[in-house]
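Letter by letter, the chains look like this.
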Amino acid sequence: MKNSEIADVLDGIADVLEFEGDNVFKINAYRKVARRIREIPEDIEQLYQSGQLSKIPGIGKNIAEHIEEYLKTGSISKYRELLSRVPSTFVEMMKIPNLGPKTLKLLYEHFKIQTIEDLKNVLEKPEAINLPGMGEKKIQNIKNGIQLYLTKRTHQRISLGIALPVVDEIVKYMKQVCKDISPCGSLRRMKETIGDIDILCTADNKDKVVKRFISYPGVQSIIAEGETKSSIIVKDHMLQIDLRVVEPESYGAALQYFTGSKEHNIKLRTIAKEKGLKISEYGVFKGEDRIAGKSEEEIYKIFGMPLIPPELREDRGEIEAAIAGKLPHIIKYDDVKGDFHIHTNYSDGISTIEEIVKKAIEMGYQFIGLCDHSQTSKFAGGLNVERLRERNKEIDRIARKYPQIKIFKAAEVDILGNGEMDYPDEILAELDFVIGSIHQGFKKNVTERMIKAMENRYVDIIGHPTGRLISSREGYEVDIDKVIEYAAKTGTALEINAYYDRLDLNDVNAMKAKEKNVMIAIGTDAHNIKMMEYMTLGVAVARRAWLEKSRLLNCYDWKKMPVKRNK
Ligand SMILES: [Zn+2]
Ligand SMILES: [Zn+2]
């Protein structure tokens, strides 16, 4: 049922209208309908299909149309438009109890707050108490609300890029007392956001495992401490980590079971049933006999399949492909020979060219693409032509010092409002490759502008093609299917931007691109050398999209790099 989803969006519309000081009757109409939709027992989708939306008290033509749009497309364009007019953290702030849109507006106008951190700071200021309608009690209420919200948020889904390093650290720490150890769940499947974090292990001495786990240096609090399962909360992002200790003979079965996905496992269970077998977290059983369970390989083999990589276990056809012997040879994490999208301190990056080159060599790369912003992106220190040429000279100088790596002189060039590029063609021609990106006008003819950019022979890659930010932004109004179609037509590559809050293209869109034979370039969009390590996340997206090496520019020898201009 989509009732609560739709009610949330209608409330969201009311929030923005209230923030903007719109008509009270209009605002109340949205809120009333939202409440009704939450309360009615009927499925709103069924009401719509049987033409009975008007049964909902208070629903007018306008709101009915919004609901129809949501059911058909999964979003409401009016809401997207409204959101573009308020601070980007608005939606998040509206989740804070005791802080309504009116109060937020008051604080926003007086203190220009943008983030929850800003809000916390402002509430400590005496000027805040003296604002009309505020007072000490109200301030305290909002502070409590923030506390409540932050605690709740820690139990919600978190970005893979945030959780991964935390879990890696714990696994490394626990290895000392464990025989086998691995994270499972959506983290092991490398989903872009994850819920609970589960780690699975085997050990000779279970007691020792639990003791070591609860005395982890980063622990904030211990939730449970038991022979088979313990839970802690770590200080790092207040993540909850569960550790299970299992018997070696069922380690593979438990790993398979707890890795999921649910849909994948349901299908596997059905196949087991058909063969007269039973599969559980303890093993595969024929009657009372355990016939597999030690390793995942063993389990999949029973069902006539090779081991399916965790990233594919989403019931998107992987089981059928495995049975038919047609699983793709997806890209491996160490297949990557270089990174296409790194900003230097010539634009808004922090690291120098030399620092980046050293880091790339350390990562075993054969090439890197240095992409600074172009002139129109003034907020990001975009380079005018003179500065661009200066930077290129500097690259030549550094390149002589490090002959073991190819440094591409590239740029992330803005696609302007009319679809033209932010440098003239003769400048683009001086570069080794060009990423064309949209940084402004997210709702203005985005598809058409991207197509025009792709028709330019010097635009080799389209950067972050949907513009979404996982935590806070829906992205451009763009017809991604059309972009993919033109990418194929013009031989332009599409980016998988590996920054953890972008992961754009995502797995589903990257898979669509694959089906149309579009080349993919993974770029970290690093603004410092640490961020170059997000490459892992980009490869994870590619793996989840079933991409093989041949489709990824990152896996090619730089001398034979099949970017568009070389064709
Ligand atoms: Zn960009
Ligand atoms: Zn960038």
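Residues numbered from 1 in each chain as written. Chains lettered and ligands numbered in written order. Predicted model: local features only at pLDDT ≥ 70, side-chain atom pairs only at ≥ 80, totals over all residues. Heavy atoms only, no water.

Chemist: Help me understand the coordination of the zinc ion (ligand 1) in this model?
Modeler: Under perfect tetrahedral coordination by four donors, a metal shows angles of 109.5 degrees; under perfect octahedral coordination by six donors, it shows angles of 90 or 180 degrees. For the zinc ion (ligand 1), the full set of protein donor atoms is Glu412 (OE), His439 (NE2) and His464 (NE2), at a range of 2.1 to 2.2 Å. A gap of 3.4 Å separates the zinc ion (ligand 1) and the zinc ion (ligand 2), which Glu412 links by coordinating each metal. Of this pair, His439 sits in the loop between β14 (433–437) and α21 (446–455) while His464 sits in the loop between β15 (461–462) and α22 (480–490), and the two are 25 residues apart along the sequence. Like His464, His439 is buried. (Donors = N, O, S within 2.8 Å, 3.2 Å for Na, K, Ca; no water. Helix = DSSP H or I, 4+ residues; strand = E, 2+ residues; numbered from the N terminus. Buried < 20%, exposed > 50% of the residue type's maximum accessible area, 1.4 Å probe, protein only.)

Chemist: Where do I start with helix α14 (residues 251–259) in this structure?
Modeler: Each α-helix winds once per 3.6 residues, and so residues spaced three or four apart point in a common direction. Burial analysis of α14 places 8 of its 9 residues in the buried class, which makes it a mostly covered element. Gly260 sits one or two residues past α14 and shows a positive phi near 70°.

Chemist: How should helix α19 (residues 385–401) be read in this particular structure?
Modeler: With 17 residues, α19 extends 25 Å from end C-alpha to end C-alpha; this agrees with the ideal 24 Å at 1.5 Å per step. Among the residues making up α19, those that are buried are Leu388, Arg391, Asn392, Ile395 and Ile398. Projected onto a plane normal to the axis of α19, the buried residues spread over an arc of 120° and lie on a single side. Pointing more than 90 degrees away from the buried face of α19 are the exposed residues Glu386, Lys393, Arg400 and Lys401. Of the surrounding elements, those touching the buried residues of α19 are α18 (353–362), β12 (367–373), β13 (406–414) and α20 (425–428). (Expected span 1.5 Å × (residues − 1). Arc of directions from axis to C-beta. Contact = heavy atoms within 4.5 Å.)

Chemist: I tried to follow the coordination of the zinc ion (ligand 2) on my own but got confused; where do I start?
Modeler: Taken together, His341 (NE2), His343 (NE2), Glu412 (OE) and Asp525 (OD) make up the full set of protein donors to the zinc ion (ligand 2), lying 2.1 to 2.2 Å away. Geometry at the zinc ion (ligand 2) is irregular, judged from the 4 donor atoms that bind it and their angles of 84 to 174° at the metal. For His341, a relative accessible area of 0% gives the class buried. (Tetrahedral: all angles 85-135°; square planar, octahedral: opposite > 155°, others 65-115°.)

Chemist: Got a minute to help me understand the domain arrangement of the protein chain in this structure?
Modeler: Often, the extent of an interface is quoted as the loss of accessible area on bringing the components together. For the protein chain, the assigned domains read domain 1 (1–81), domain 2 (87–153), domain 3 (158–245), domain 4 (250–323) and domain 5 (333–566). Each of domain 2 and domain 4 has a C-alpha centre, and these two points are 49 Å apart. (Domains from an automatic or database assignment.)

Chemist: How should the side chain of Arg313 be read in this particular structure?
Modeler: Checked against the element boundaries, Arg313 lands in the loop between α16 (296–302) and α17 (318–323). Only 3.3 Å separates the side chain of Arg313 from the side chain of Tyr300, close enough to count as a polar contact. (Polar contact = N/O pair within 3.5 Å; in protein donor to acceptor, adjacent residues only side chain to side chain.)

Chemist: Just checking my understanding: could you explain the nonpolar core for this structure?
Modeler: Generally speaking, nonpolar side chains in soluble globular proteins are found buried as a group. Of all hydrophobic cores here, the largest spans 121 residues; its most connected members are Met174, Phe303, Ile368 and Leu494. Examining the composition of this core, we find that 10 residues originate from one element, helix α11 (residues 160–174), more than from any other. Core analysis: the second largest hydrophobic core is formed by 49 residues, Ile6, Ile40, Leu119 and Ile139 among them. (Core = buried A, V, L, I, M, F, W, Y, C linked by side-chain atoms within 4.5 Å.)

Chemist: Hey, could you run me through the sheet that holds strand β4 (residues 197–201) in this one?
Modeler: Backbone-to-backbone hydrogen bonds join strands into a sheet, with any given pair of strands oriented parallel or antiparallel. Strand order in the open sheet formed by 5 strands is β2-β4-β7-β6-β5, and the pairing between neighbours is mixed. Of all the strands in the sheet, just β2 (181–183) and β5 (219–224) have a single pairing partner and so form its edges. Direction aside, the axes of adjacent strands within the sheet are offset by 25° on average. One ladder, built from 5 bridges, connects strand β6 (residues 229–234) with strand β7 (residues 240–245); its direction is antiparallel. Following the sheet pairing, Lys229 is matched in β7 by Arg244. Packing of α11 onto the sheet brings it into contact with β2, β4, β6 and β7, and relative to β4 it is tilted by some 25°. (Pairing = 2+ DSSP bridges. Axes fitted to C-alpha atoms, helices over the stretch in contact; angles between N-to-C directions.)

Chemist: How should the packing of aromatic side chains be read in this particular structure?
Modeler: Between two aromatic rings, the relevant description is the distance of the centres plus the angle of the planes. Overall, the coordinates contain 12 aromatic pairs when judged by the stated rule. Ring plane angle 75° and centroid distance 5.0 Å describe the contact between Phe442 and Tyr476, whose orientation is recorded as edge-to-face. Remark: Tyr476 occurs in the loop between β15 and α22 and Phe442 occurs in the loop between β14 and α21; sequence separation between them is 34 residues. Phe442 gets classed as partly exposed once you look at its relative accessible area, which sits at 22%. Judged by its relative accessible area of 7%, Tyr476 falls in the buried class. Ring pairs connect the aromatic residues Phe340, Phe367, Phe408 and Phe433, which therefore count as one cluster. In this arrangement the basic side chain of Lys112 is found over the ring face of Tyr108, its NZ or CZ atom lying 5.0 Å from the centre. (Phe/Tyr/Trp six-rings, centres within 6.5 Å; stacked < 30°, edge-to-face > 60°. Lys NZ or Arg CZ within 6 Å of the ring centre and 35° of its normal.)

Chemist: Please explain the pairing of β5 as it appears in this structure.
Modeler: Each regular strand shows side chains that alternate between the opposite faces of the sheet. Here 4 bridges tie β5 to β6, and the two strands are oriented antiparallel to one another. Paired with Ser221 across the bridge in β6 is Ile233. Where β5 hands over to β6, the hairpin turn is made up of 4 residues, counted between the paired strands.

Chemist: Just checking my understanding: could you explain the pattern of salt bridges for this structure?
Modeler: Side chains that carry opposite charge are capable of pairing whenever their charged atoms lie near each other. A full pass over the atoms with the stated rule returns 41 salt bridges. The residue Asp8 makes a salt bridge to Arg38 at a minimum N-O spacing of 2.7 Å. Separated by 30 residues along the polypeptide, Asp8 in helix α1 (residues 3–19) and Arg38 in helix α2 (residues 24–39) bring together distant segments of the chain. When its relative accessible area of 47% is taken as the criterion, Asp8 is described as partly exposed. The partner of Glu81 in a salt bridge is Arg85, and the shortest N-O contact between them spans 3.4 Å. Residues joined by salt bridges that share partners form a network here, namely Asp8, Asp11, Asp15, Glu18, Arg31 and Arg38. (Salt bridge = Lys/Arg side-chain N within 4 Å of Asp/Glu carboxyl O.)

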